[in-house]
Amino acid sequence: MNKTAHRIYLGTMTGIVIVVTGYLFYIGSPYYQTAIEERFYHPDHLNLKPSGPLGHGMGIVGTLMMVVGVFGYQARKYMRSLAGIWILKHWLEFHIFLCTLGPILVLFHTSFKFGGLVSISFWSMVAVVASGVVGRFIYLQIPRTLQGRELSLHEISEMRGEFSVMLEKVLGVEKWQHITELINRSGKGNNLFYQFYADWQTKRAIRKQLMKAKVDRENLNHVMDLVSHELGMKQKIERLQLMQKLFNYWHVIHLPFAIVMLVIMLVHVGITLAFGYRWIF
Ligand code: HEM
Ligand code: HEM
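Residues numbered from 1 in each chain as written. Chains lettered and ligands numbered in written order. Predicted model: local features only at pLDDT ≥ 70, side-chain atom pairs only at ≥ 80, totals over all residues.

**With respect to the overall build of the protein**
Step number 1: Regarding its fold elements, the protein presents nine helices and zero strands.
Step number 2: Going residue by residue from the N terminus, the α and β elements of the protein occur as α-α-α-α-α-α-α-α-α.
Step number 3: Here the protein, with 281 residues, has 19% of them falling under the buried criterion.
Step number 4: Sequence separation of 24 or more characterises 71% of the internal contacts of the protein that already satisfy a separation of 6 or more. (Helix = DSSP H or I, 4+ residues; strand = E, 2+ residues; numbered from the N terminus. Buried ≥ 20, exposed ≤ 12 C-beta atoms within 10 Å, placed from the backbone. Contact = placed C-beta atoms within 7 Å.)

**With respect to the site of ligand 1**
Step number 1: Pro50, Gly59, Thr110, Gly115 and Tyr277 are the nearest of the 24 residues found near ligand 1.
Step number 2: Looking at the shell around ligand 1, the elements with two or more residues in it are helix 3 (53–78), helix 4 (88–109), helix 5 (118–141) and helix 9 (217–274).
Step number 3: A per-class count over the shell around ligand 1 returns eleven nonpolar, twelve polar and one charged. (Near = placed C-beta within 6 Å. Nonpolar A, V, L, I, M, F, W, Y, C, P; charged D, E, K, R; others polar.)

**Here's the deal with helix 9**
Step number 1: Along its 58 residues, helix 9 runs 82 Å from first to last C-alpha, staying within 8% of the 86 Å computed at 1.5 Å per residue.
Step number 2: Considering bend angle alone, the principal kink of helix 9 is centred on tryptophan 250 and spans about 25 degrees.
Step number 3: Following helix 9 by one or two positions, glycine 276 adopts a phi angle in the positive range, close to 95 degrees. (Expected span 1.5 Å × (residues − 1). Bend = angle between axes of the 7 residues up to and from the residue.)

**Concerning the packing of helix 1 (residues 3–32) against helix 4**
Step number 1: Their axes nearest at 10 Å, the elements helix 1 and helix 4 cross at an angle of 5 degrees. Put simply, helix 1 runs roughly parallel to helix 4. Only Glu93, Phe97, Thr100, Leu101, Ile104 and Phe108 of helix 4 make contact with helix 1, whose side of the interface consists of Leu10, Met13, Ile16, Val17, Val20, Thr21, Leu24 and Gly28.
Step number 2: Tallied by class, the residues present in the contact of helix 1 with helix 4 amount to ten nonpolar, three polar and one charged. (Axes fitted to C-alpha atoms, helices over the stretch in contact; angles between N-to-C directions. Parallel < 35°, antiparallel > 145°, perpendicular 65-115°, else oblique.)

**So, the site of ligand 2**
Step number 1: Near ligand 2 you find 20 residues, and of these Cys99, Gly132, Gly135, Leu255 and Ala258 are the closest.
Step number 2: Listing elements by their share of the shell around ligand 2, those giving two or more residues are helix 3, helix 4, helix 5 and helix 9.
Step number 3: Tallying contributions element by element places helix 5 first for the shell around ligand 2, with eight residues.
Step number 4: Partitioned by chemical class, the residues of the shell around ligand 2 number 13 nonpolar, six polar and one charged.

Remember, this is a structural readout, not a statement about activity or role.
Following this line, the structure appears as structure tokens:
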């Protein structure tokens, strides 16, 4: 998928979510705004109640979307045979699309009344979606290869490795050791916000030393570029470590709530089938 196709792909999914949600609000709001005791007499009741053709249908389609969204992504992640079809990043985007639109349809299926055992499923779904948004944010902070695979610390360290060689070429041996030390010490033990300030100070200190050592202008600029790049990589590594830790904690919320939702939903479906609800069939 090239850049334009990717934009169209994202735009289409976002558009579908917005249009469907808007349409359902538009056709349903007079009914959903009616008090629960009076809904029975509303002309849309037969169609929009959770067991009505549209209400029930939205529950089924929404649930199917979530199931495909979850298992599709998991399958792509763990089955080698699917590795050639789309990169992981696009599957995750599809997961987010289906698992956003699905819950919206289920929300309309409930007709905004959340009672009984199945309300646990509903609120778990809300927790999964909310944690999904947070997870997406953390996920975006983790550096990745083009294929969407997490870059390992080793790979990033390797990208850093060239620095010393380049520096040695420009400055000779003793000086670069000192500069590397300054870089490694920059902002150590501080939060990421302070890091920017600490890095700025480090750059200033290095520049001063280079000027004192009378390094010529061209080399000085070259070294400062290298230093900036190096400090950037160092920040990336620290951020990666922090985000990986956060992401591990995050899975502890997203996955169990998804399971609770799924299990209670199955019980809910079992009960409705036992009571003879069959949708349009
Ligand atoms: C995560 C998915 C689902 C959630 C959170 C959910 C939630 C709900 C809620 C809150 C109600 C209203 C209960 C009430 O009237 O107090 C309801 C009713 C209903 N749901 Fe679902 N639902 C889900 C999926 C499904 C699926 C997949 C089906 C069908 C295969 C289904 C069939 C029904 C039916 C038939 C009713 C009406 C039951 C009645 O009026 O007694 N639901 N659901
Ligand atoms: C009801 C809706 C949803 C369900 C049932 C669901 C379920 C899941 C499951 C089972 C996983 C795999 C967890 C694991 O490997 O430990 C997952 C991963 C993920 N989901 Fe969701 N999800 C939902 C909605 C969302 C939404 C709305 C977003 C973002 C806005 C989102 C973002 C993510 C991310 C970033 C991952 C991690 C990908 C990875 O580790 O490779 N999810 N989801």
